[in-house]
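Listed below, chain by chain, are the residues.
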Amino acid sequence: MTLKLNFTGSTDVGLIASTNKDAYYIDPEGRFFIVADGNGGYEGGDVVSGIAIQKIPTYLSEKWLSSRDSDKLLEFAFLTANEAILQEQQDRPELADMGTSVVVVIFRSPESPICANVGNCRLYRWRESQLEQITEDHTWVAKAIKAGDITPEEARVHSFRHLVLSCLGREEIASLKIQPVDLKVGDRLLLCSDGLTEGLTDQNIADYLQQASTLEEAASSLIAAAKEKGGKDNITVVLVDLLESD
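The name given to the chain in an unreviewed UniProt entry is PP2C family serine/threonine-protein phosphatase, and the organism recorded there is Floridaenema flaviceps BLCC-F50.

Written out as structure tokens, the structure reads:
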């Protein structure tokens with residue numbers, strides 16, 4: 001069976017922010033997909049997300065045909081981007097606190113994608129009308145939910161909900177999580193920044209994915225819906241469909 005990917009992406013500054021600190025990258029050949037979100041409130045978030053979006057694709061493209069395992073390929077791509085960000089911080093001290101969340105999916109084999117993330121950009125899988133979050137947020141509220149200190153409902157309005165515990169732009173990125181992604185024909189992947197999930201619940205997102213007739217319609221309707229819910233942050237979505245080739 002021959003498989004193919006259909007994909008699209010879109011980003012929006014939202015209704016409150018004056019600068020878009022989000023960025024995304026879609027490899028023209030469909031080999032990898034990236035969403036980055038410069039840490040909210042930190043000066044230079046657009047700079048650091050831009051570095052991640054430039055360095056990670058460059059590394060992946062240069063090393064794509066190497067014998068290195070996919071998990072190591074992703075790990076070194078993140079480390080390379082992190083080193084570039086740390087260097088930028090040294091060169092521009094006013095940006096010393098900048099950081100970025102990043103999520104990446106690579107398709108060296110369409111049947112066996114690998115993802116990596118740090119921070120609070122997310123990867124979801126939509127399968128048979130059900131939405132499942134694949135990645136785990138590296139945030140204060142995610143840690144508190146896991147410990148049983150707060151509920152998911154409380155996390156949505158908690159004053160610490162934007163507090164990211166790990167990101168690129170730090171000497172240590174111990175929370176970097178690399179994992180395989182179970183995927184089959186008919187599945188859809190959603191990579192997004194927290195500007196989407198700030199306003200929309202997982203069920204809201206699933207409903208919009210279900211209603212849309214095309215990937216482009218799904219992306220635009222998700223962004224429009226997040227803006228209708230307040231649009232307090234930048235909003236970025238990348239959608240990937242796994243299809244059987246004709």
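Still to come is the rest of the account.
Moving on, we come to the packing of aromatic side chains. Scanning the model with the defined rule gives four aromatic pairs in all. The interplanar angle of 65 degrees and the centroid separation of 5.2 Å between the aromatic rings of Phe7 and Phe33 together place this pair among those described as edge-to-face. A residue pair is termed long-range when its members are at least 10 positions apart, and Phe7 in strand E1 (residues 3-12) and Phe33 in strand E3 (residues 32-38) qualify at 26 residues. Exposure remark for Phe7: the relative accessible area of 27% places this residue in the partly exposed category. Measuring from ring centre to ring centre gives 5.7 Å for Phe32 and Trp64, while their planes differ by 55 degrees; the resulting arrangement is tilted. Here Phe32, found in strand E3, pairs with Trp64, found in the loop between helix H1 (45-63) and helix H2 (70-91); they are 32 residues apart in sequence, far enough to count as distant. Across this residue pair, the class does not change: Phe32 and Trp64 are buried. In this structure, Arg31 packs its charged tip against the face of Trp64, placed 5.4 Å from the ring centre. The ring of Trp64 is capped by Arg108, whose NZ or CZ atom sits 5.8 Å from the centre of that ring.

Further remarks concern the nonpolar core. Ranked by size, the top nonpolar core spans 30 residues in total, and within it Ile56, Leu60, Phe78, Val102, Val104, Ile106 and Leu168 carry the most contacts. Of all the elements in the fold, those that place two or more residues in this core are E3, H1, H2, strand E4 (100-106) and strand E5 (114-118). In contact with Ile56, not counting residues within four places along its chain, are Ile34, Ala77, Phe78, Ala81, Val102 and Val104. Ranked by size, the runner-up nonpolar core spans 21 residues in total, among them Cys192, Leu215, Ala218 and Leu239.

Rules of the game
- Residues numbered from 1 in each chain as written.
- Predicted model: local features only at pLDDT ≥ 70, side-chain atom pairs only at ≥ 80, totals over all residues.
- Heavy atoms only, no water.
- Phe/Tyr/Trp six-rings, centres within 6.5 Å; stacked < 30°, edge-to-face > 60°.
- Helix = DSSP H or I, 4+ residues; strand = E, 2+ residues; numbered from the N terminus.
- Buried < 20%, exposed > 50% of the residue type's maximum accessible area, 1.4 Å probe, protein only.
- Lys NZ or Arg CZ within 6 Å of the ring centre and 35° of its normal.
- Core = buried A, V, L, I, M, F, W, Y, C linked by side-chain atoms within 4.5 Å.
- Contact = heavy atoms within 4.5 Å.

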